Amino acid sequence: MNSDQVLKNIAEDISSCKKCELNHSRDKGVPGEGPTNAEIMFIGEGPGFHENMQGRPFVGAAGDLLVELLDSIGMKREEVFITNVVKCRPPGNRDPAIEELEACNSYLDQQIQAINPSVIVTLGRFSMGKFIPHAKISEIHGQSIRVKGMLVIPFYHPAAALHRPSLRSVIEEDFAKLPTLIKGAARIPEVQLKEHSENNNNQAEQLSLF
Ligand code: URA
Ligand code: SF4
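Below, the structure is looked at part by part. (Residues numbered from 1 in each chain as written. Chains lettered and ligands numbered in written order. Predicted model: local features only at pLDDT ≥ 70, side-chain atom pairs only at ≥ 80, totals over all residues. Heavy atoms only, no water.)

## Some words on the site of ligand 2
Step number 1: Around ligand 2 lies a shell formed by Ile14, Cys17, Lys19, Cys20, Leu22, Asn23, Arg26, Lys87, Cys88, Ala103, Cys104 and Tyr107.
Step number 2: Ranked by the residues each element gives to the shell around ligand 2, the list is headed by helix α4 (residues 98–115), at three residues. (Near = heavy atom within 4 Å. Helix = DSSP H or I, 4+ residues; strand = E, 2+ residues; numbered from the N terminus.)

In structure tokens, the structure reads:
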């Protein structure tokens, strides 16, 4: 099966998925969108009000800011693949629960496999946590980290900048670095991440590798 077909099948599966509680609050599933051969994948948290209505990712206020930030580095949303860690809207935009993240994870893994992007930009802590458990976004935002062969760059979530104006310039600066980070992608070495069960000392050790 080619990658286009794989992505189409994933989107279809999501529209009728009942693997977690979020299926009850879903109007439209939001699988994500973008070219199958996208070089960059942006992964947010989950659909909000507008996304749930339209079945498309990042079409509300956070999406407007994402488009503006992409524009600031000469990129268009149509060039990148945009998705979320959960594909259905958590009621009232609450945080996704661990069981929901786990239930939905295989869709995202299949999308990453089909698209095989050079760079994954995570937006916010839930998406960062999929790749770099335990990390603090305030400490590692804007740094590229190679995890299981994938180059992951954690950014703050654009919605965070809307709620906390002081973060706005931080996100702008991280986006400004993105073209350079992408160019240097091949030179970033793999880091060995410790397992969830490790204690905080090891965690500090792990983060010092970045
Ligand atoms: N916030 C997200 O994390 N994802 C969306 O799709 C929209 C807003
Ligand atoms: Fe299925 Fe994911 Fe929606 Fe849960 S959030 S119902 S796992 S598609």
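Structure's up, so let's keep going.
## Regarding the site of ligand 1
Step number 1: The environment of ligand 1 is made up of Gly44, Glu45, Gly46, Glu51, Pro57, Phe58, Asn84 and His157.
Step number 2: In this structure, a nitrogen atom belonging to ligand 1 sits 3.0 Å away from a main-chain N or O atom of Gly46.
Step number 3: Considered on its own, ligand 1 offers 230 Å² of accessible surface; in the complex 91% of this is hidden by protein.
Step number 4: Here the shell around ligand 1 is built from residues that sort into two nonpolar, four polar and two charged. (Polar contact = N/O pair within 3.5 Å; in protein donor to acceptor, adjacent residues only side chain to side chain. Areas by Shrake-Rupley, 256 points an atom, 1.4 Å probe, with all protein chains shown as cover. Nonpolar A, V, L, I, M, F, W, Y, C, P; charged D, E, K, R; others polar.)

## Let's talk about the nonpolar core
Step number 1: Core analysis: the biggest nonpolar cluster contains 58 residues, and Phe42, Leu66, Val121, Ile132 and Phe175 have the highest contact counts within it.
Step number 2: Among the elements that take part in this core, α4 stands out by supplying seven residues, more than any other. (Core = buried A, V, L, I, M, F, W, Y, C linked by side-chain atoms within 4.5 Å. Buried < 20%, exposed > 50% of the residue type's maximum accessible area, 1.4 Å probe, protein only.)

## With respect to the sheet that holds strand β5 (residues 150–155)
Step number 1: Taken in spatial order, the five strands make up an open sheet running β2-β1-β3-β5-β4, and their pairing is mixed. Unpaired on one side and paired on the other, β2 (81–84) and β4 (145–147) mark the two borders of the sheet. Adjacent strand axes in the sheet meet at a mean angle of 30° when their direction is disregarded.
Step number 2: Sheet strands touched by helix α8 (residues 166–183): β1 (40–44), β3 (119–123) and β5. Its angle to β5, the strand with the most contacts, is close to 170°. (Pairing = 2+ DSSP bridges. Axes fitted to C-alpha atoms, helices over the stretch in contact; angles between N-to-C directions. Contact = heavy atoms within 4.5 Å.)

## Brief notes about the environment of Pro117
Step number 1: Looking at the secondary structure, you find Pro117 in the loop between α4 and β3.
Step number 2: Those residues in contact with Pro117 that lie beyond four places of it in its chain are Ala38, Glu39, Ile40, Met41 and Ile112.

## Observations regarding the environment of Asp4
Step number 1: One can find Asp4 in helix α1 (residues 3–15).
Step number 2: Accessibility expressed as a relative area gives 47% for Asp4, which makes it partly exposed.

Don't take any of this as a statement about function, it's just geometry.
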